[in-house]
Amino acid sequence: TWHLKKVPQIVSKRTFSLDSPKFEAKPNLELNSVCGIECQRKLPVPSLSDLKDLLSYETIFENGTRTLTEVNVLGLTLDPSGNTTAHRSVRKKRQIYGTDSRFSIYDKRFMTNFPFNTAVKISTGCSGILVSPKHVLTAAHCLHDGKDYVKGSKRLRVGLMRTKSRGDGRKRKGVKRNGMPSFQWTRVKSTHIPKGWFKGVSGDIALDYDYAVLELKRPHKRKYMELGISPTIKMMPGSMIHFSGFDSDRSGQLVYRFCSISDESNDLFYQYCDAEPGSTGSGVYLRLKEPNKRKWKRKIIAVFSGHQWVDVNGEQQDYNVAVRITPLKYAQICFWIHGNDENCAQG
């Protein structure tokens, strides 16, 4: 069951103008030497002042102008236990673990209907998910490498799967003749990225803050997926998560997968999901019962950060990682979507 939680408030304090970025970073869908699960265990618990700094955010607009908004965090109870993790199975190497368990979605009845139609393609090569009539959730490193915005993010576009292809009439809804989806591309008006992505608690880019919200220039008229607060592994049916994206090795195809989570920290899930670059930024979701109702509901509980190389005791190991939507992140993303904290009191 989805449990309602009281969410801390994130309130904007002041906004500054920043210099326009160079947009010269190379898109890199596989990160190296970021703080992994062993490193996470050793990190200090962020203080309230740390969190205010990490949750302050940059907004970049389509004309290249940029601002930094400082925030206050209200109603937060700090967890003294730190980045505890549940020790589970040891990771195997590779992005495809054993038998490739991904499903390519070809049937137009699935492709253009919920939940698959909430998946979108980002013009920098990533995926994302619709979270409101005009907002998309994706991974921060699809747009920014920690130092500069990536090439192509100045004229950022989002591809929504078409519900009707031009010239195909009504018979072939949203699918090209070869069974691939076609896209309706929409310009991005503005992008929000948390400051924690640029410099995390460890002094380097932090996977904990690898998420971003894009505001579309024009609203779409499709069903989107609501945000949820990430439960612990123990509270998930079969510890299973689901997500769909546009994996680069299956060009133009929508690829769906479900898998179990093998380990977790306060901010990250480590899992065995088969995924290739291109699926980065996909919305990870669960299907749980609504409180006091018989209905089941899907909600986004994490953002797929992709396949990452991390230092573990001085050695490079690889993980597939997803960034959990904690109450704090829920409050921030909700604030970006609604522009106020009134609609974000409970998650």
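Remember, predicted model here, so these are calculated numbers, not experimental data.

Reading the values: rules and limits
- Residues numbered from 1 in each chain as written.
- Predicted model: local features only at pLDDT ≥ 70, side-chain atom pairs only at ≥ 80, totals over all residues.
- Heavy atoms only, no water.
- Helix = DSSP H or I, 4+ residues; strand = E, 2+ residues; numbered from the N terminus.
- Buried < 20%, exposed > 50% of the residue type's maximum accessible area, 1.4 Å probe, protein only.
- Areas by Shrake-Rupley, 256 points an atom, 1.4 Å probe, with all protein chains shown as cover.
- 1 Å grid on protein atoms, 1.4 Å probe; cavity = no way out; pocket = protein on both sides within 12 Å on 5 of 7 lines; lining within 4 Å.
- Points joined across faces, edges and corners; volume = space filled by probe spheres on them.
- Nonpolar A, V, L, I, M, F, W, Y, C, P; charged D, E, K, R; others polar.
- Disulfide = S-S within 2.5 Å.
- Phe/Tyr/Trp six-rings, centres within 6.5 Å; stacked < 30°, edge-to-face > 60°.
- Arc of directions from axis to C-beta.
- Contact = heavy atoms within 4.5 Å.
- Salt bridge = Lys/Arg side-chain N within 4 Å of Asp/Glu carboxyl O.
- Expected span 1.5 Å × (residues − 1).
- pLDDT = per-residue confidence, 0-100.

K.L.:
Can you walk me through the overall build of the protein in this structure?
P.N.:
The helix and strand inventory of the protein stands at five helices and 18 strands. Counting only residues that meet the buried cut, the protein has 55% of its 347 residues in that class. Roughly 16,100 Å² of accessible area belongs to the protein as shown, and the carbon and sulfur atoms make up 48% of that amount.

K.L.:
Sorry if this is basic, but what is going on with empty space enclosed by the protein here?
P.N.:
With the rule as written, the count across this model stands at four cavities of 30 Å³ or more. If you add up the space inside the largest cavity, you get close to 60 Å³. Lining the largest cavity we find Ile60, Phe61, Glu62, Ser153, Lys154, Leu156, Val188, Lys189, Ser190 and Thr191. The greatest single-element share of the lining of the largest cavity, amounting to four residues, is contributed by strand E10 (residues 183-194). When grouped by side-chain class, the residues that make up the lining of the largest cavity number four nonpolar, three polar and three charged.

K.L.:
It is not clear to me how the state of the cysteines should be interpreted in this structure. Could you clarify?
P.N.:
A covalent bond bridging the sulfur atoms of two cysteines is what the word disulfide describes. Taken as a whole, this structure holds two disulfides when the rule is applied. Here Cys126 is linked by a disulfide to Cys142, with a sulfur-sulfur distance of 2.1 Å. Judged by the torsion about the S-S bond (-95°), the Cys126/Cys142 disulfide is left-handed. Taken as a pair, Cys126 in the loop between strand E6 (119-122) and strand E7 (127-132) and Cys142 in the loop between strand E8 (135-138) and strand E9 (157-161) lie far apart in primary sequence, 16 residues in all.

K.L.:
Hey, could you run me through the packing of aromatic side chains in this one?
P.N.:
Describing an aromatic ring pair means giving the distance of the ring centres and the angle of the ring planes. Under the defined criterion, the tally for this structure stands at nine aromatic pairs. Taken together, a centroid distance of 5.4 Å and an interplanar angle of 75° make the contact between Tyr57 and Trp336 edge-to-face. A residue pair is termed long-range when its members are at least 10 positions apart, and Tyr57 in strand E3 (residues 57-61) and Trp336 in helix H5 (residues 327-338) qualify at 279 residues. Looking at Tyr57, the relative accessible area reads 7%, which means it is buried. Taking relative accessible area as the criterion, Trp336 reaches 5% and is therefore assigned buried. With 6.1 Å between their ring centres and 40° between their planes, Tyr256 and Phe258 make a pair best called tilted.

K.L.:
Would you mind showing me how to read helix H2 (residues 48-55) here?
P.N.:
Every α-helix winds through 3.6 residues per turn, so residues three or four apart in the chain are directed the same way. Taken as a whole, H2 has its buried residues at Leu51, Leu54 and Leu55. For H2, the angular spread of the buried residues around the axis is 90°, confining them to a single face. Buried positions along H2 lie against strand E1 (9-18), E3, strand E4 (66-74), E10, helix H4 (195-198) and H5.

K.L.:
What exactly am I supposed to notice about the pattern of salt bridges here?
P.N.:
Any two side chains of opposite charge can pair, on the condition that their charged atoms come close. If you walk through the whole model with that rule in mind, you get eleven salt bridges. Ionic pairing is found between Arg14 and Glu70, a salt bridge with its closest N-O pair at 2.8 Å. With a gap of 56 residues between them, Arg14 in strand E1 and Glu70 in strand E4 connect regions that are remote in the sequence. Across the pair Glu215 and Lys134 runs a salt bridge, and its minimum N-O distance is 3.5 Å. Of this pair, Glu215 sits in strand E11 (residues 212-216) while Lys134 sits in the loop between E7 and E8, placing them 81 residues apart in sequence. Residue classification places Lys134 among the partly exposed residues on the basis of a relative accessible area of 35%. Three or more residues are tied together by salt bridges with common partners; here these are Glu62, Arg187 and Lys217.

K.L.:
Hey, could you run me through H5 in this one?
P.N.:
Taking 1.5 Å of rise per residue, twelve residues should cover 16 Å, and H5 covers 16 Å from first to last C-alpha, within 8% of that figure. Counting buried residues along H5, ten of its twelve residues qualify, which places the element largely inside the surrounding structure. Looking at H5, one finds that the buried residues are Leu328, Lys329, Tyr330, Ala331, Gln332, Ile333, Cys334, Phe335, Trp336 and Ile337. Gly339, located one to two residues past H5, shows a positive phi value of around 80°.

K.L.:
Can you walk me through the confidence of the model for the protein in this structure?
P.N.:
Detailed reading of the predicted model is not advised wherever pLDDT is low. Overall, the predicted model of the protein reaches an average pLDDT of 80, with 80% of residues at or above 70. A low-confidence stretch, residues 85-95 (pLDDT under 50), is modelled with 38 contacts involving residues beyond four sequence positions or located in other chains. Counting interchain partners and residues more than four positions distant, the pLDDT-below-50 stretch residues 168-172 has eight contacts.

K.L.:
In this structure, what is going on with unusual backbone geometry? I would like to understand it.
P.N.:
Trans peptide bonds make up the majority, and among non-glycine residues the majority have a negative phi. Although it is not a glycine, Phe23 sits at a positive phi angle of roughly 55°. In this fold, Phe23 is placed in the loop between E1 and strand E2 (31-35).

K.L.:
Looking at this model, I keep getting lost on the environment of Gly306. Mind explaining?
P.N.:
Looking at the element boundaries, Gly306 is found in strand E17 (residues 296-312). When its relative accessible area of 1% is taken as the criterion, Gly306 is described as buried. For the pair formed by Gly306 and Ala139, sequence separation is 167 residues and the distance between their alpha carbons is 8.9 Å. For Gly306, the residues in contact, after removing those within four places along its chain, are Thr280, Tyr319, Asn320 and Val321.

K.L.:
Explanation requested: the environment of Ala139 in the structure shown.
P.N.:
Within the secondary structure layout, Ala139 lies in the loop between E8 and E9. On a C-alpha basis, the gap between Ala139 and Gly283 in space is 9.3 Å, while along the polypeptide they are 144 residues apart. Residues contacting Ala139, with those up to four places away along its chain left out, are Asp210, Tyr211, Ala212, Thr280, Gly281, Val303 and Phe304.

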